[in-house]
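Spelled out, the chains give:
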Amino acid sequence: MANIKSQIKRNRQNEKRRQRNRAVRSEVITRTRTAEAAAEHGEAEETAEAARMAIKRIDKAASKGVLHPNTAARKKSRLMKRLARLQAE
């Protein structure tokens, strides 16, 4: 444990950010899985809505700095490719 006041505060801030970032990443994964599940069941309207929400969360995570912009773009691209493939089946 740090003895310096500024480092103690920095540790508190880092922990708070870590928890927040973890929650955001978790939600991105959850929304992605929801969209894929909807596509597997074949409901077009539900799939579109779930995909929209997943992309919205990915974009928000990138804008907040939780995800790198290129990572967000890659996740969105892969998600849309998977959804298109699942809906084609």
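Each chain has its residues counted from 1, running along the sequence as written. Whole-chain, interface and lining totals are the exception, using all residues; otherwise, since this is a predicted model, local features are given only for residues with pLDDT of at least 70 and side-chain atom pairs are given and counted only at 80 or more. The side-chain quantities take in all heavy atoms of the structure and omit both hydrogens and water.

Considerations on the overall build of the protein
Put simply, the rule reads: Put simply, DSSP marks the helices as runs of H or I at least four residues long and the strands as runs of E at least two long, and each gets a number from the N terminus on. With the radius of gyration taken over C-alpha atoms, the globule rule is written as 2.2 Å times the number of residues to the power 0.38. Buried means the residue's accessible area, taken with a 1.4 Å probe over protein chains only, is under 20% of the maximum for its type, while exposed means over 50%, and partly exposed covers the values in between. Throughout, a residue-residue contact means that at least one pair of heavy atoms, one from each residue, lies within 4.5 Å. Method for areas: the Shrake-Rupley scheme with a 1.4 Å probe, in which residue coverage is limited to the protein chains shown. Just so you know, the count uses Lys and Arg for positive and Asp and Glu for negative, and it drops His and the chain ends. Charge positions come from single atoms, namely NZ of Lys, CZ of Arg, CG of Asp or CD of Glu.
Scanning the protein from N- to C-terminus turns up 3 helices and 0 strands. The linear arrangement of helices and strands in the protein, starting from the amino end, is α-α-α. Scaling as 2.2 N^0.38, a compact globule of 89 residues should have a C-alpha radius of gyration of about 12 Å, whereas the protein reaches 17 Å, well beyond that. Looking at the protein as a whole, 24% of its 89 residues are labelled buried. Look at the contacts in the protein between residues 6 or more apart in sequence, and 54% of them connect residues 24 or more apart. Summing over all exposed atoms, the protein offers an accessible surface of approximately 6,700 Å²; the carbon and sulfur share of this is 49%. Where the 24 positive side-chain charges of the protein centre and where its 10 negative ones centre are 17 Å apart.

Observations concerning the packing of helix α2 (residues 44-64) against helix α3 (residues 69-88)
Stated formally: Angles here are taken between N-to-C directions and fall from 0 to 180 degrees, while the axes themselves are lines fitted to C-alpha atoms, restricted in helices to the stretch in contact. For classification, angles of less than 35 degrees are called roughly parallel, those exceeding 145 degrees roughly antiparallel, those between 65 and 115 degrees roughly perpendicular, and all remaining angles oblique. Residue classes follow a fixed rule: Ala, Val, Leu, Ile, Met, Phe, Trp, Tyr, Cys and Pro count as nonpolar, while Asp, Glu, Lys and Arg count as charged, and any other residue, Gly among them, counts as polar.
Relative orientation of the contacting elements α2 and α3 amounts to 170 degrees, with a least axis distance of 9 Å. Here α2 lies roughly antiparallel to α3, going by the angle between them. Contacts between α2 and α3 involve Ala-44, Thr-47, Ala-51, Ala-54, Ile-55, Ile-58, Asp-59 and Ala-62 from the first element and Pro-69, Ala-72, Lys-75, Lys-76, Leu-79, Met-80, Leu-83 and Gln-87 from the second. Looking at side-chain class alone, the contact of α2 with α3 contains 11 nonpolar, 2 polar and 3 charged residues.

Focus on the pattern of salt bridges
Where we set the bar: For this document, the term salt bridge refers to a Lys or Arg side-chain nitrogen within 4 Å of an Asp or Glu carboxyl oxygen.
According to the stated counting rule, one finds 6 salt bridges in the structure shown. Taking the shortest distance from any N to any O, the salt bridge between Glu-27 and Arg-31 comes out at 3.1 Å. Separated by 4 residues within a single helix, Glu-27 and Arg-31 lie in helix α1 (residues 5-41), roughly one turn from each other. Between Arg-82 and Glu-36 there is a salt bridge whose closest N-O contact spans 2.5 Å. Remark: Glu-36 occurs in helix α1 and Arg-82 occurs in helix α3; sequence separation between them is 46 residues. Under the relative-accessibility criterion, Arg-82 is labelled partly exposed at 29%.

Brief notes about the nonpolar core
What counts, and what does not: What makes a nonpolar core is a set of buried Ala, Val, Leu, Ile, Met, Phe, Trp, Tyr and Cys residues whose side-chain atoms join them at distances within 4.5 Å.
Counting 8 residues, the largest nonpolar core is built from Ala-35, Ala-39, Ala-50, Ala-51, Ala-54, Leu-79, Leu-83 and Leu-86. Elements with a contribution of two residues or more to this core: α1, α2 and α3. Ignoring anything within four residues of it in the chain, the contact list for Ala-39 reads Thr-47, Leu-83, Leu-86 and Gln-87. Judged by nonpolar contacts, the second largest core, of 7 residues, contains Ile-58, Ala-61, Ala-62 and Val-66.

Let's talk about a positive patch on the surface
As a reminder, the rule being used: Patch building starts from residues that exceed 30% relative accessible area and form no salt bridge, then joins like charges within 9 Å and nonpolar side chains (Val, Leu, Ile, Met, Phe, Trp, Tyr) within 5 Å.
A contiguous patch of positive charge, built from Lys-9, Arg-10, Arg-12, Lys-16, Arg-17 and Arg-20, is present on the exposed surface. Examined against the element boundaries, Arg-10 turns out to sit in helix α1. When its relative accessible area of 41% is taken as the criterion, Arg-10 is described as partly exposed.

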